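Residues per chain are reported as follows:
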Amino acid sequence: EVQLVESGGVLVQPGRSMKLSCAASGFTFSSFPMAWVRQAPTKGLEWVATISTSGGSTYYRDSVKGRFTISRDNAKSTLYLQMDSLRSEDTATYYCTTGGAWGQGTLVTVSS
Amino acid sequence: DVVLTQTPPTLSATIGQSVSISCRSSQSLLDSDGDTYLNWLLQRPGQSPQLLIYSVSNLESGVPNRFSGSGSETDFTLKISGVEAEDLGVYYCMQATHAPLTFGSGTKLEIK
């Protein structure tokens, strides 16, 4: 069974950092590009970042470029999102996804 | 970025009624490999999105066959033939043909 389990979401003050993790199982993780997608409270789905199978190519939405870093460890079947200089508008539930499979999400709240 | 326009934004249906949701793309979603990477997702209240249909018309494993997808190029439709109570939630179309991933704004299905 394909499983994606996110962790790391907490309440954090503006300007601080946080790192999210996504543990994958039930499929060949290294064969799939992976993405982070977020959903602000009561809003729709918004793509955040994508990483290629090897990790050699990464892509970001403009509003997080220079602040967020997506990475992966194929040996551990784990996806990461390092989030720096967090803003209130980054408050959302963050999902990791292959595009087909989705995790349960982890809530990031940025507030003073 | 590709813009996906979903209509209607809300839908109210009785049990057993058939309904359709439209998703129109700002550009063709036919990829150079011959596939069309248009998926349909359902997000039930309080849950993460789940894949219903991939590549326009392919039913994800475990999804009831009352769900069907059709369309090509820029116009796509999700049909539910005989709505059931468990179908309530927000439906999203999503494209993965052109980077970055983009999503429709969602269609909320309510049960009368």
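Parameters at a glance
Residues numbered from 1 in each chain as written. Chains lettered and ligands numbered in written order. Predicted model: local features only at pLDDT ≥ 70, side-chain atom pairs only at ≥ 80, totals over all residues. Heavy atoms only, no water. 1 Å grid on protein atoms, 1.4 Å probe; cavity = no way out; pocket = protein on both sides within 12 Å on 5 of 7 lines; lining within 4 Å. Points joined across faces, edges and corners; volume = space filled by probe spheres on them. Helix = DSSP H or I, 4+ residues; strand = E, 2+ residues; numbered from the N terminus. Nonpolar A, V, L, I, M, F, W, Y, C, P; charged D, E, K, R; others polar. Pairing = 2+ DSSP bridges. Polar contact = N/O pair within 3.5 Å; in protein donor to acceptor, adjacent residues only side chain to side chain. Contact = heavy atoms within 4.5 Å.

Looking now at the layout of surface pockets. The volume enclosed by the largest pocket comes to roughly 640 Å³. Lining the largest pocket are 28 residues, with Pro-33, Thr-98 and Gly-99 of chain A together with Ala-96 and Leu-101 of chain B positioned closest to its centre. Those elements that place two or more of their residues in the lining of the largest pocket are strand 4 (34–39) and strand 5 (46–51) of chain A together with strand 5 (50–54) of chain B. For the lining of the largest pocket, the element with the most residues is strand 5 of chain A, which contributes 3 residues. Among the residues making up the lining of the largest pocket, the classes are represented as 18 nonpolar, 9 polar and 1 charged.

What follows deals with the sheet that holds strand 6 (residues 58–60) of chain A. Residues and elements named next belong to chain A. With respect to topology, 6 strands assemble into an open sheet ordered 2-10-9-4-5-6, the strand pairing being mixed. Every interior strand has two partners, whereas the edge strands, strand 2 (11–12) and strand 6, have only one. Where strand 2 meets strand 10 (residues 106–110), 2 bridges bridge the pair, whose relative direction is parallel. In the strand pairing of strand 10, Leu-11 is matched with Thr-109.

Quick look at the side chain of Asp-90 of chain A now. All names here are of chain A. Note on placement: Asp-90 falls in the loop between strand 8 (78–83) and strand 9 (92–97). Of the polar contacts made by the side chain of Asp-90, one reaches the side chain of Arg-67; its length is 2.8 Å. Setting aside chain neighbours within four positions, we find Asp-90 in contact with Arg-38, Arg-67, Phe-68, Ser-85, Val-108 and Val-110.

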